[in-house]
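Topology and contacts: notes
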Amino acid sequence: MNYDVTVIGGGPAGLAAAIAANKENASVLLVEREARLGGILKQCIHDGFGLVTFGEKLTGPEYCERYIDELLQTDVSVKLLTFVTRIEKNADGFAIHFVNREGAAHVQTRAIVLATGCRERTAKQVFIHGTRPSGVFTAGTAQYYVNLMGELPVKRCVILGSGDIGLIMARRLTMEGAEVIGVYEAKPEPSGLPRNLYQCLDDFGIPLHLSHTVTRVFGDERLTAVEIAQVDKNMRPIANTEKIIECDGLILSVGLIPENELAESIDVAIDRRTKGPICDQKYMTMEKGVFCAGNALHVNDLVDYVTLSAVEAGRNSAYLTNKPRALVHVVAEEGILYTVPSVLDVNEPVSDVTLYFRASRELRNAMLTLRVDGRAVFQKKYSVLRPPEMERLKLNFAQYGITTDSEVSLSLKEVE
Amino acid sequence: MKELVCIVCPNGCKIIIDDNGDILNAKCNRGIVFATEEATSPKRTVCSTVATTFSDFPVLPVRSSAEINKIDIPACMNALNNVLLDRRVGRGEIIIKDVLGSGVDIISTSSMQYTYCDVETPDDGSKDNA
Ligand SMILES: Cc1cc2nc3c(=O)[nH]c(=O)nc-3n(C[C@H](O)[C@H](O)[C@H](O)COP(=O)(O)OP(=O)(O)OC[C@H]3O[C@@H](n4cnc5c(N)ncnc54)[C@H](O)[C@@H]3O)c2cc1C
Ligand code: SF4
């Protein structure tokens, strides 16, 4: 079977991309490894989703089911419980290999939208030493148990890391009757959004300990205690500040990384800052015909932005041409952690580009400057910028006469 | 003086209520309304789950249809813990009417119709010689 577009992943990004490509009359296949569509939002039962797209405060399931409703009205083919194992490049596009209950098979497609989401960093990635008892979960795993299975995985726990999912789970576990002793963050600043610190921790009197980390875990089969220590500014534990806390659960909320095994399998160039594929303003990666959207591209803090970018990726995937690309890098200079897109294809329209960026540290009264060949062509002032909060800018690059020889850069500087 | 974070929108403005009761640093009017309410009778939307009798859908996510008083959250959780749902409901259906006499309903936030593979799975892949 042949498709114009194959979307891999049935979360909010995949749903929006499939619907958008279908609207452009492309034949679309959506592949999802789980039994239900919706991706991670199925388990995000708290509200706060959809303010940008719907102007309403929806829960995760409500948000994604609006798109599922819409998808089921279209003639997009959907394969559930189907895991994409491999992508193979060929003369007519790509062969998508997958396995499901019927066995292993493949389909042929002209374009791909990678919408595989992100995964959580785990204990191995944060170097916790000690034994390996059960009772150590990522916040997402704890969320899965509580919100989808209806099981309380811990009675008395410590949360390591102040990421949003950890904060949301601190509240959720407390509401379900577990005791959350505290949230410990190695950095001197919390990484979650202020609103989550306020309504998830302050509301329930859960303390946040900054510049603290877990140094050891105890227990043979099940976790019995953790050792907490204060850390210096290089994140090294300070001697004699260790404290033992008895608990049966350690919940890790230490960050997310884009899921990119499939992208790497076809050598799609990865941005070392976003950990997702490098893409242009059409959300096409450096591999022609391979598009990327949502958390697989870069970790978003608002699902609304996931949807908006996926709509673009889906629409563009329906119009694949043989036109060669002429790429210009948008260089992230001082104060900018990264931008998405990070390259512009000047052979394609650049008059309506949505640029997402993150500040590299907390900045107050910061001036954002866009430079073309050293000349400041656009400036915007921000009263406060924080790395956890992504910013969105609409830019008309066409008016700056950008060519492949142009040097384009973005920077942030604090001003008076 | 009291400091709080506005939770009405993702901006999360740090609002200050000074000793004269004046509200500072709110970027918009909704923030002023929020701060006034926070200082007098704080309200929250409750999002949780209720148990069901279905093994493929053991818990159903629910929320309060509007905000309820913050001090009523534990009692509301108690009411939710006593529910055992034995019918498949759609999204938006009322699960508990007028919870705790607050005038607010508890509604389903997910459609239980979207369980396993009810979307067509076309068998159109070319089989691999595995
Ligand atoms: C635990 C957790 C909690 C979060 N909480 C919030 C929150 O509260 N608010 C918020 O705004 N954002 C939250 N996020 C971010 C959230 O992920 C995004 O807002 C949004 O869900 C991203 O959508 P997505 O479609 O890119 O990814 P996902 O929702 O993760 O969807 C990816 C889909 O791809 C499928 N998939 C992956 N690989 C394959 C494969 N090889 N074959 C077939 N299918 C595959 C997965 O099964 C999944 O369904 C959270 C993220 C995580 C991990
Ligand atoms: S004050 Fe207004 S802008 Fe600021 S967080 Fe509240 S609602 Fe948002």
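Keep in mind it's a predicted model, so treat the numbers as computed, not measured.

1. Some thoughts on the interface of chain B and chain A
With 47 residues of chain B at the interface, the matching set in chain A holds 46 residues. Both sides together, the interface formed by chain B and chain A hides about 4,100 Å², and carbon and sulfur atoms give 54% of it. Between the two partners, chain B and chain A, sit five salt bridges. Between B:Lys70 and A:Asp203 there is a salt bridge; the shortest N-O distance is 3.1 Å. Joining chain B to chain A, the criterion identifies 13 residue pairs in polar contact (both at pLDDT 80 or more). At the level of elements, β1 (2-5), α1 (29-40), β5 (47-52), β6 (59-64), α2 (73-81) and β11 (126-127) of chain B are the ones that each hand at least two residues to the side of chain B that touches chain A. In the side of chain B that touches chain A, the residues fall into 22 nonpolar, 13 polar and 12 charged.

2. Overview of the layout of surface pockets
Residue and element names in this part refer to chain A. Put simply, the second largest pocket is a space of about 660 Å³. Those elements that place two or more of their residues in the lining of the second largest pocket are β26 (375-385) and β27 (391-395). Looking at which element gives the most residues to the lining of the second largest pocket, the answer is β26, with four residues. When the residues that make up the lining of the second largest pocket are grouped by side-chain class, the tally is 12 nonpolar, four polar and eight charged.

3. A few points about the sheet that holds strand β10 (residues 106-108) of chain B
Residues and elements named next belong to chain B. Across the sheet, five strands lie side by side as β8-β5-β6-β10-β9; this open sheet has mixed pairing. Only two strands of the sheet have a single neighbouring strand rather than two, namely β8 (84-85) and β9 (94-96). Pairing analysis gives three bridges linking β6 to β10, with the strands arranged antiparallel. Its bridge partner being in β10, Arg-63 is matched across the sheet by Ile-107.

4. Considering the site of ligand 1
Residue and element names in this part refer to chain A. As a structural note, the neighbourhood of ligand 1 is formed by 35 residues, with Ala-13, Glu-32, Ile-40, His-46 and Asn-295 the closest of them. In the environment of ligand 1, an oxygen atom lies 2.6 Å from a nitrogen or oxygen atom belonging to the side chain of Glu-32. In the environment of ligand 1, an oxygen atom lies 3.3 Å from a nitrogen or oxygen atom belonging to the backbone of Val-303. When the free accessible area of ligand 1 is taken as 960 Å², the share hidden by the protein chains comes to 94%. Elements represented by at least two residues in the shell around ligand 1 include exactly α1 (12-23), β6 (83-90), α4 (139-149), α5 (164-175) and α8 (303-317). For the shell around ligand 1, the two domains that each supply at least three residues are domain 1 (1-119 + 256-322) and domain 2 (122-254).

5. Description of the sheet that holds strand β22 (residues 336-340) of chain A
Residues and elements named next belong to chain A. Spatial strand order, β22-β24-β27: three strands in an open sheet with antiparallel pairing. Each edge of the open sheet is held by one strand with a lone partner, namely β22 and β27. Pairs of neighbouring strands in the sheet enclose a mean axial angle of 30 degrees, with direction left out of account. Relative to β27, strand β24 (residues 353-359) is paired through five bridges, and the arrangement is antiparallel. Bridging across to β27, Leu-355 finds its partner in Leu-393.

6. Re the environment of A:Cys64
Residues and elements named next belong to chain A. Residue placement: Cys-64 occurs in helix α2 (residues 60-72). Separated by 46 residues in the primary sequence, Cys-64 and Arg-110 place their C-alpha atoms 27 Å from one another. Excluding residues within four positions of it along the chain, Cys-64 makes contact with Leu-15, Gly-38 and Leu-41.

7. Section: empty space enclosed by the protein
Take a probe with the size of a water molecule and roll it over the atoms, and the empty space left behind shows itself. Counted under the stated rule, the structure contains five cavities of 30 Å³ or more. Every residue lining the largest cavity is counted, 22 residues in all, and those nearest its centre are A:Asp47, A:Arg171, A:Gln199, B:Thr45 and B:Cys47. Those elements that provide at least two residues to the lining of the largest cavity are α4, α5 and α6 (194-201) of chain A. At five residues, the largest contribution of residues to the lining of the largest cavity is made by α5(A). Taken together, the residues of the lining of the largest cavity break down into nine nonpolar, five polar and eight charged. Together, A:Lys282, A:Met284, A:Lys288, A:Phe291, A:Asn316, A:Tyr319, A:Leu320, A:Thr321, A:Lys323, A:Arg325, A:Asp345 and A:Glu348 line the second largest cavity. Here the residues of the lining of the second largest cavity sort into four nonpolar, two polar and six charged. Three or more residues apiece are contributed to the lining of the second largest cavity by two domains, here domain 1 (1-119 + 256-322) and domain 3 (324-416) of chain A.

8. What to know about the site of ligand 2
Taken together, B:Cys6, B:Val8, B:Cys9, B:Asn11, B:Gly12, B:Cys13, B:Lys27, B:Cys28 and B:Gly31 are the residues near ligand 2. In terms of residue class, the shell around ligand 2 is built from five nonpolar, three polar and one charged.

9. Let's talk about the domain arrangement of chain A
Residues and elements named next belong to chain A. Partitioning chain A into domains gives domain 1 (1-119 + 256-322), domain 2 (122-254) and domain 3 (324-416). Between domain 1 and domain 3, the C-alpha centre-to-centre distance is 26 Å. At the interface, 25 residues of domain 1 touch 23 residues of domain 3. Taking both sides of the interface into account, the surface hidden between domain 1 and domain 3 amounts to around 1,900 Å²; carbon and sulfur atoms contribute 52%. It is Arg-273, Gln-281 and Tyr-305 in domain 1 that bury the most area against domain 3; as a group they hold 31% of the surface buried on that side. For the interface between domain 1 and domain 3, the tally reads three salt bridges. Asp-280 is the salt-bridge partner of Arg-325, the closest N and O atoms lying 2.9 Å from each other.

Cut-offs and rules
Residues numbered from 1 in each chain as written. Chains lettered and ligands numbered in written order. Predicted model: local features only at pLDDT ≥ 70, side-chain atom pairs only at ≥ 80, totals over all residues. Heavy atoms only, no water. Contact = heavy atoms within 4.5 Å. Buried area = accessible area lost by both parts, 1.4 Å probe. Salt bridge = Lys/Arg side-chain N within 4 Å of Asp/Glu carboxyl O. Polar contact = N/O pair within 3.5 Å; in protein donor to acceptor, adjacent residues only side chain to side chain. Helix = DSSP H or I, 4+ residues; strand = E, 2+ residues; numbered from the N terminus. Nonpolar A, V, L, I, M, F, W, Y, C, P; charged D, E, K, R; others polar. 1 Å grid on protein atoms, 1.4 Å probe; cavity = no way out; pocket = protein on both sides within 12 Å on 5 of 7 lines; lining within 4 Å. Points joined across faces, edges and corners; volume = space filled by probe spheres on them. Pairing = 2+ DSSP bridges. Near = heavy atom within 4 Å. Areas by Shrake-Rupley, 256 points an atom, 1.4 Å probe, with all protein chains shown as cover. Domains from an automatic or database assignment. Axes fitted to C-alpha atoms, helices over the stretch in contact; angles between N-to-C directions.

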